[in-house]
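As a plain string of letters, each chain reads:
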Amino acid sequence: MTEAKEVIVTGAGIMGASIAWHLTKAGAKVTVIAGSGAGGVATPNSFAWINASWGNPEPYFRLRIRSMAEWTRLANEVPGIPLQWCGGLCWDLPRPELEAYAAEHSAWGYGIERVDRAGAARIEPNLTELPDFALYVAEEGVAEPVAATQALLADAERRGARLLTGVTATALVRANGQVSGVDTSAGRIVADEVVIAAGAGSPALAATAGIELPIGTPPGLIVHSRPYQKLLNGLMIGDRLHMRQTAEGRIIAGSDFGGADPGMDAAATARDLFAAMKAMLRGADGLELDFHTIGYRPTPVDGFPIIGRAEGAGGVYVAVMHSGITLAPAVGLFAAREILDGDRDPLLDPYGLARFTQ
Ligand SMILES: Cc1cc2nc3c(=O)[nH]c(=O)nc-3n(C[C@H](O)[C@H](O)[C@H](O)COP(=O)(O)OP(=O)(O)OC[C@H]3O[C@@H](n4cnc5c(N)ncnc54)[C@H](O)[C@@H]3O)c2cc1C
């Protein structure tokens, strides 16, 4: 019998958790190392909208829609993943652009329904401002990000993975162009392969093996109300803000792709955003702002994921991206297959690191 492959996964956000879970399930000996606790850094500050919505070329749409299907599979396999296909009502573009998006994505198989003002009111009866025209996608949803990440890590541990939180990876260990482990704040750990799923911390770690990751970290502010009675049925992607109600009953909102620019005075931005959100909801008189978060999205400079091995450095696999909540199940599945069997899923073809050097 061949020995199980030993893999270190750096990062305990949604991406590290999904890769670690899929590797463990496929029989690898996995150690997860994270400076944070189980749950990650960007992940707890995410809006967590699972979608294949407008603005993406067809190959990226195909990866996203595949990942939406993989969420359902994962939630059936892992106990305690809070996944909800609650639907998304979208009107954050002018009508001609919404029409173009609907025509294109419907042709690709996305389940888009055109709705008028009365239709929008039926979907979200507590909105005070209703759009004359919106698009509704019943198959969009949410996985509460921290709970989903912790459920994946707990199940990976149950299957034999080792989880080291509060441990920082300081450098990749390299010999003859091959990575053979990591130096950490708790000493050296050796392995057959190291996965860098360290979000915004990925470029610094990759640089220790001479790998350059072109990643930006744009901030996004989200306001969170105290838990409240149910006012929203699903995701609301409006022209001025995006909002949803969490599994605990908090209404959360951001103004730009699920986050707002914090500006010079983040507390003032949060108060203004919360006031705008409250004004959009009927029955929200008692709604109170509890806190706001500012998350930094780990975003490759061309906006698309980086997934795969770096050329010239064996034994290291990179998985860094925005839309990590949407993409985590497919990326975890495909990364585990590539790391263990060498099979690269064609859906990953556009997302190698080599695209930045060609
Ligand atoms: C405001 C906002 C809104 C968003 N909205 C959406 C959305 O609606 N839909 C969607 O799909 N995505 C959304 N995203 C993006 C999504 O949240 C991220 O892509 C995803 O959370 C990234 O997960 P991750 O595991 O890669 O990173 P993180 O959650 O940041 O985890 C990184 C992990 O790496 C660890 N780490 C870093 N460096 C080291 C080191 N040197 N040693 C050890 N550990 C290390 C950290 O401690 C942490 O555990 C949003 C993000 C933000 C901020």
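A. Geometry of the overall build of the protein chain. Assigned secondary structure in the protein chain consists of 8 helices and 22 strands. Expected size for 358 residues packed as a compact globule is a radius of gyration near 21 Å; at 21 Å, the protein chain falls within 12% of this value. Once the C-alpha set of the protein chain is aligned to its principal axes, its extents read approximately 65 × 40 × 40 Å. Looking at the protein chain as a whole, 49% of its 358 residues qualify as buried. Considering only contacts in the protein chain between residues 6 or more positions apart, those separated by 24 or more positions represent 72%.

B. Examining the domain arrangement of the protein chain more closely. With domains assigned, the protein chain is organised as domain 1 (6–46 + 146–214 + 303–356) and domain 2 (88–138 + 219–296). Inter-centroid distance (C-alpha atoms) of domain 1 to domain 2 is 32 Å. Listed as interface residues are 4 residues of domain 1 and, on the opposing side, 5 residues of domain 2. Its residues placed into classes, the side of domain 1 that touches domain 2 shows 2 nonpolar, 2 polar and no charged.

C. Representation of the site of the ligand within the structure. Near the ligand there are 42 residues, and of these Gly13, Gly40, Gly201, Gly220 and Gly324 occur at the shortest range. Contributing elements (two or more residues each) for the shell around the ligand: α1 (14–25), β2 (29–34), β15 (219–225) and α8 (324–341). Of the residues assigned to the shell around the ligand, the class counts are 19 nonpolar, 22 polar and 1 charged. Each of domain 1 (6–46 + 146–214 + 303–356) and domain 2 (88–138 + 219–296) gives at least three residues to the shell around the ligand.

D. Here's a closer look at α1. Here α1 contains 12 residues, and its C-alpha end-to-end distance of 16 Å stays within 8% of the 16 Å for a straight helix at 1.5 Å per residue. A large share of α1 lies buried, amounting to 11 of its 12 residues. Of the surrounding elements, those touching the buried residues of α1 are β1 (6–10), β2, α5 (145–158), β13 (193–196), β22 (316–320) and α8. Gly27 sits one or two positions beyond α1 and adopts a positive phi of about 105°.

E. Spatial organisation of the nonpolar core. Counting 111 residues, the largest nonpolar core has Ile19, Ala20, Val32, Val195, Val316, Val318 and Ala319 as the members making the most contacts within it. Residue contacts for Val195: discarding those within four places in its chain leaves Val7, Ile8, Val9, Thr10, Ile19, Tyr317 and Ala319.

F. How the structure looks around the pairing of β2. The element β2 is largely enclosed, with a buried count of 5 among its 6 residues. Relative to β2, β1 runs parallel, the two being bridged by 5 bridges. Along β2, the bridge assignment pairs Val7 with Val30. With α1 bridging β1 and its parallel neighbour β2, the resulting β-α-β unit is right-handed. Inspection of the sheet shows β2 paired to strand β9 (residues 162–165) by 4 bridges, in the parallel sense. Following the sheet pairing, Val32 is matched in β9 by Leu163.

G. Layout of the pairing of strand β21 (residues 306–309). Alignment of β21 against β22, held across 4 bridges, turns out to be antiparallel. In the strand pairing of β22, Arg309 is matched with Tyr317. Linking two consecutive strands that pair antiparallel, namely β21 and β22, is a turn of 6 residues; a positive phi of about 85° is found at Gly312 within it.

H. Representation of the sheet that holds strand β10 (residues 169–175) in the model. Sheet architecture is open: 3 strands sit in the order β10-β11-β12, paired in antiparallel fashion. What marks the edges here is a single partner per strand, and that holds for β10 and β12 (187–190). Each strand of the sheet is rotated relative to its neighbour by a mean of 30°, with strand direction disregarded. Relative to strand β11 (residues 178–184), β10 runs antiparallel, the two sharing 6 bridges. The partner of Ala175 across the bridge, within β11, is Gln178.

I. Quick look at the sheet that holds strand β19 (residues 289–296). What the 8 strands build is an open sheet, ordered β6-β7-β5-β16-β17-β18-β15-β19; its pairing is mixed. In the strand order of this sheet, the two ends are held by β6 (112–116) and β19, each with one partner. With strand direction ignored, the average angle separating the axes of adjacent strands in the sheet is 20°. Where strand β5 (residues 88–90) lies against strand β16 (residues 235–237), 3 bridges are found, and the strand directions are parallel.

J. Geometry of helix α3 (residues 95–107). For α3, with 13 residues, the first-to-last C-alpha span of 18 Å sits near the 18 Å given by 1.5 Å per residue. One or two positions beyond α3, positive phi appears at Gly109, with a value near 100°.

K. Region of the structure containing the environment of Thr168. In this structure, Thr168 sits in the loop between β9 and β10. Sequence separation between Thr168 and Ala38 is 130 residues; the distance between their C-alpha atoms is 13 Å. With residues up to four places along the chain from it excluded, the contact list for Thr168 reads Gly35, Thr184 and Ser185.

About the thresholds
Residues numbered from 1 in each chain as written. Predicted model: local features only at pLDDT ≥ 70, side-chain atom pairs only at ≥ 80, totals over all residues. Helix = DSSP H or I, 4+ residues; strand = E, 2+ residues; numbered from the N terminus. Rg over C-alpha atoms; globule rule 2.2 N^0.38 Å. Buried ≥ 20, exposed ≤ 12 C-beta atoms within 10 Å, placed from the backbone. Contact = placed C-beta atoms within 7 Å. Domains from an automatic or database assignment. Nonpolar A, V, L, I, M, F, W, Y, C, P; charged D, E, K, R; others polar. Near = placed C-beta within 6 Å. Expected span 1.5 Å × (residues − 1). Core = buried A, V, L, I, M, F, W, Y, C linked by C-beta atoms within 7 Å. Pairing = 2+ DSSP bridges. Right-handed = clockwise from strand over helix to strand, strands pointing away. Axes fitted to C-alpha atoms, helices over the stretch in contact; angles between N-to-C directions.

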